[in-house]
Amino acid sequence: LRFIALIFCLIWVGWTVGAQLTIINIFNYIQLVYVSNFNYSVIVFDPLIVVISIVTLISFAVLGRGFFCGWLCPFGALQEIINICSQKIGIVQIYIKDALHRKLIYIKYIILLVIISFLFIDLDIALLLTEVEPFKTSITLKFARELPYLIYAIILLVLSIFISRFYCRYICPLGAVLAVGGK
C-alpha cells in the first residue's frame, strides 16, 4: 500500500499535475501575511498547491510536523521508490551512525537560515539558493534542465540508492521548516 501511495504521489501529484510544494511557496505565504500589496494571484495560480499547503499547515498544527514530508512530496517519493527498489535487488545500504546522523541533520537548518538571511540581503541570491531544492529539475521540469542542475539532482538520487531519503534527512530546507513544529 505504501509503495502504491509513493507511485501515485510521484506520477500524479508530481509529474502529472506538478504539485511540488517548495520553500518558495512558504516564502510566498509569509509575504501574503506581511506584505500589504502582495499579488494574491501568485498563491491561487495553482489550486492543488494551495490544497497541499493547507493540509500541510493543518497537520503541522495538529501533529507538530507537516504531513507533506513522507506522504505528499513527489521528490521524497522518488527517493523512497529508488531506495526500496535498490534494497529489493540487494544493494547494500549505508547506515549512518547515530552520532554522525545527529550532526548531519543540522545541515538543513543551516541551509534554511542562509536562504532566509539572503531574503533580507539580496532576493536574487536567495532565489538562487533555493535551487538547493532539486524539485524544479526532477519533478516540475522532469529532468529537462541545464546540466549542472541535472547532475545535482542525479547525485541526490544516486545517494538515495544507498541512504534512504538522504536529501530529506540532511539537506531539505522545506523539511527543516516543517520539522520546527516537532521541536
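In this text, all values refer to a predicted model and were calculated from it rather than measured experimentally.

Thresholds applied
Here the residue numbering is sequential within each chain, running from 1 through the sequence in written order. Local features in this predicted model are restricted to residues of pLDDT 70 or higher, and side-chain atom pairs are both shown and tallied only at a pLDDT of 80 or more, whereas totals for entire chains, interfaces and linings draw on every residue. Water and hydrogen atoms play no part in the side-chain values, which are based on all heavy atoms of the structure. Lines are fitted to the C-alpha atoms to define the axes, a helix being fitted only along its stretch in contact, and any angle between axes, read from their N-to-C directions, falls within 0 to 180 degrees. Numbering of helices and strands runs from the N terminus, with a helix taken as a DSSP run of H or I at least four residues long and a strand as a DSSP run of E at least two residues long. Here roughly perpendicular refers to angles of 65 to 115 degrees, roughly parallel to angles under 35, roughly antiparallel to angles over 145, and oblique to all remaining angles. By convention, the crossing between two helices is left-handed when the near helix turns anticlockwise from the far helix through less than a right angle, and right-handed when the turn is clockwise. In this description, contact between two residues means that some pair of their heavy atoms is separated by no more than 4.5 Å. Charged means Asp, Glu, Lys or Arg here, nonpolar means Ala, Val, Leu, Ile, Met, Phe, Trp, Tyr, Cys or Pro, and polar covers whatever is left, Gly included. Like-charged residues within 9 Å of one another, or nonpolar side chains (Val, Leu, Ile, Met, Phe, Trp, Tyr) within 5 Å, are grouped into patches, provided each residue has over 30% relative accessible area and no salt bridge. Computed by Shrake-Rupley with a 1.4 Å probe, the accessible areas treat only the displayed protein chains as cover when residues are assessed. What makes a salt bridge here is a side-chain nitrogen of Lys or Arg within 4 Å of a carboxyl oxygen of Asp or Glu, nothing more. Think of it in three bands: with a 1.4 Å probe and only protein chains considered, a residue is buried below 20% of the maximum accessible area for its type, exposed above 50%, and partly exposed in between. The criterion is simple. A nonpolar core is a set of buried Ala, Val, Leu, Ile, Met, Phe, Trp, Tyr and Cys residues joined through side-chain atoms within 4.5 Å. Cysteine sulfur atoms are paired as a disulfide whenever they fall within 2.5 Å. Expected span of a helix, by definition, is 1.5 Å for each gap between consecutive residues, and there is one gap fewer than residues. Throughout, the arc means that of the directions going from the helix axis to the C-beta atoms. In protein, a polar contact requires one atom able to donate a hydrogen and another able to accept it; more generally it is a pair of N or O atoms within 3.5 Å, and residues adjacent in sequence count only if both atoms are side-chain atoms. Confidence of the predictor at the level of single residues is captured by pLDDT, which takes values from 0 to 100.

S.K.: An account of the packing of helix 5 (residues 74–88) against helix 10 (residues 147–162) is requested, with residue identities and associated values reported.
M.R.: With their axes 7 Å apart at the nearest point, helix 5 and helix 10 run at an angle of 45° to one another. One finds that helix 5 runs oblique with respect to helix 10. In this structure, the crossing between helix 5 and helix 10 has a hand that is right-handed. Only Leu156, Leu157, Ser160, Ile161 and Phe162 of helix 10 make contact with helix 5, whose side of the interface consists of Phe75, Leu78, Gln79, Ile82, Asn83 and Ser86. When the residues that make up the contact of helix 5 with helix 10 are grouped by side-chain class, the tally is seven nonpolar, four polar and no charged.

S.K.: Give me a nonpolar patch on the surface: which residues, what numbers.
M.R.: A grouping of Val51, Val55, Phe67 and Trp71 is seen on the molecular surface, where their side chains present a nonpolar patch of about 350 Å² in accessible area. Tracing the sequence through the fold places Trp71 in the loop between helix 4 (47–63) and helix 5. When its relative accessible area of 45% is taken as the criterion, Trp71 is described as partly exposed.

S.K.: Describe the nonpolar core, listing the residues and the values that go with them.
M.R.: Counting 38 residues, the largest nonpolar core has Phe68, Phe75, Tyr167, Ile171 and Leu174 as the members making the most contacts within it. Setting aside anything within four residues of it in sequence, one finds Phe75 in contact with Gln20, Pro134, Phe135, Ser138, Ile139, Leu156, Leu157 and Tyr167.

S.K.: Just give me the short version of the state of the cysteines, but keep the residues and values in it.
M.R.: Scanning the entire structure with this criterion turns up zero disulfides. Lacking any disulfide linkage, Cys73 is separated from the closest cysteine sulfur, that of Cys168, by 5.6 Å. The exposure class assigned to Cys73 is buried, which follows from its relative accessible area of 7%. Residue Cys168 is classed as buried on the basis of its relative accessible area of 18%.

S.K.: Which residues make up helix 7 (residues 107–121), and what values go with them?
M.R.: Here helix 7 contains 15 residues, and its C-alpha end-to-end distance of 21 Å stays within 8% of the 21 Å for a straight helix at 1.5 Å per residue. Lys108, Tyr109, Ile111, Leu112 and Ile115 are the residues of helix 7 that are buried. For helix 7, the buried positions fall inside an angular range of 160° around the axis, keeping them on one side. Exposed side of helix 7, more than 90 degrees from the buried face: Ile110, Leu113, Phe120 and Ile121 are the residues found there. In this structure, the buried residues of helix 7 make contact with helix 2 (23–34), helix 8 (123–129), helix 11 (166–170) and helix 12 (173–179).

S.K.: Can you explain the packing of helix 1 (residues 2–16) against helix 5? Please cite residues and give values.
M.R.: Running from amino to carboxyl end, helix 1 crosses helix 5 at an angle of 135°, the nearest separation of the two axes being 9 Å. Considering the angle they form, helix 1 stands oblique to helix 5. Note on packing geometry: the crossing formed by helix 1 with helix 5 is left-handed. Side by side, helix 1 and helix 5 meet where Arg2, Phe3, Leu6, Ile7, Cys9, Leu10, Val13 and Gly14 of the first sit next to Pro74, Ala77, Leu78, Glu80, Ile81, Ile84 and Cys85 of the second. The residue makeup of the contact of helix 1 with helix 5, split by class, is twelve nonpolar, one polar and two charged.

S.K.: How would you summarise the environment of Arg145 if you had to cite specific residues and measurements?
M.R.: Mapped onto the secondary structure, Arg145 falls in the loop between helix 9 (135–140) and helix 10. Within polar-contact distance, the side chain of Arg145 engages the side chain of Thr137 at 2.9 Å.

S.K.: Can you lay out the confidence of the model for the protein for me, pointing to particular residues and giving the numbers?
M.R.: For the protein, per-residue confidence averages 89 on the pLDDT scale, and residues scoring 70 or more make up 92% of the total. Mean pLDDT values over the elements of the protein span from 66, in helix 3 (residues 41–44), up to 98, in helix 10.

S.K.: Give me the pattern of salt bridges: which residues, what numbers.
M.R.: One pass over the structure, following the stated rule, counts five salt bridges. With a shortest N-O distance of 2.7 Å, Arg2 and Glu80 are connected by a salt bridge. On the criterion of sequence distance, the pair formed by Arg2 in helix 1 and Glu80 in helix 5 is long-range, its members being 78 residues apart. Judged by its relative accessible area of 27%, Arg2 is partly exposed. A salt bridge links Arg145 to Glu146; the nearest nitrogen and oxygen atoms lie 3.7 Å apart. When its relative accessible area of 14% is taken as the criterion, Arg145 is described as buried. Among the charged side chains, a salt-bridge network with shared partners connects Arg2, Glu80 and Arg165.

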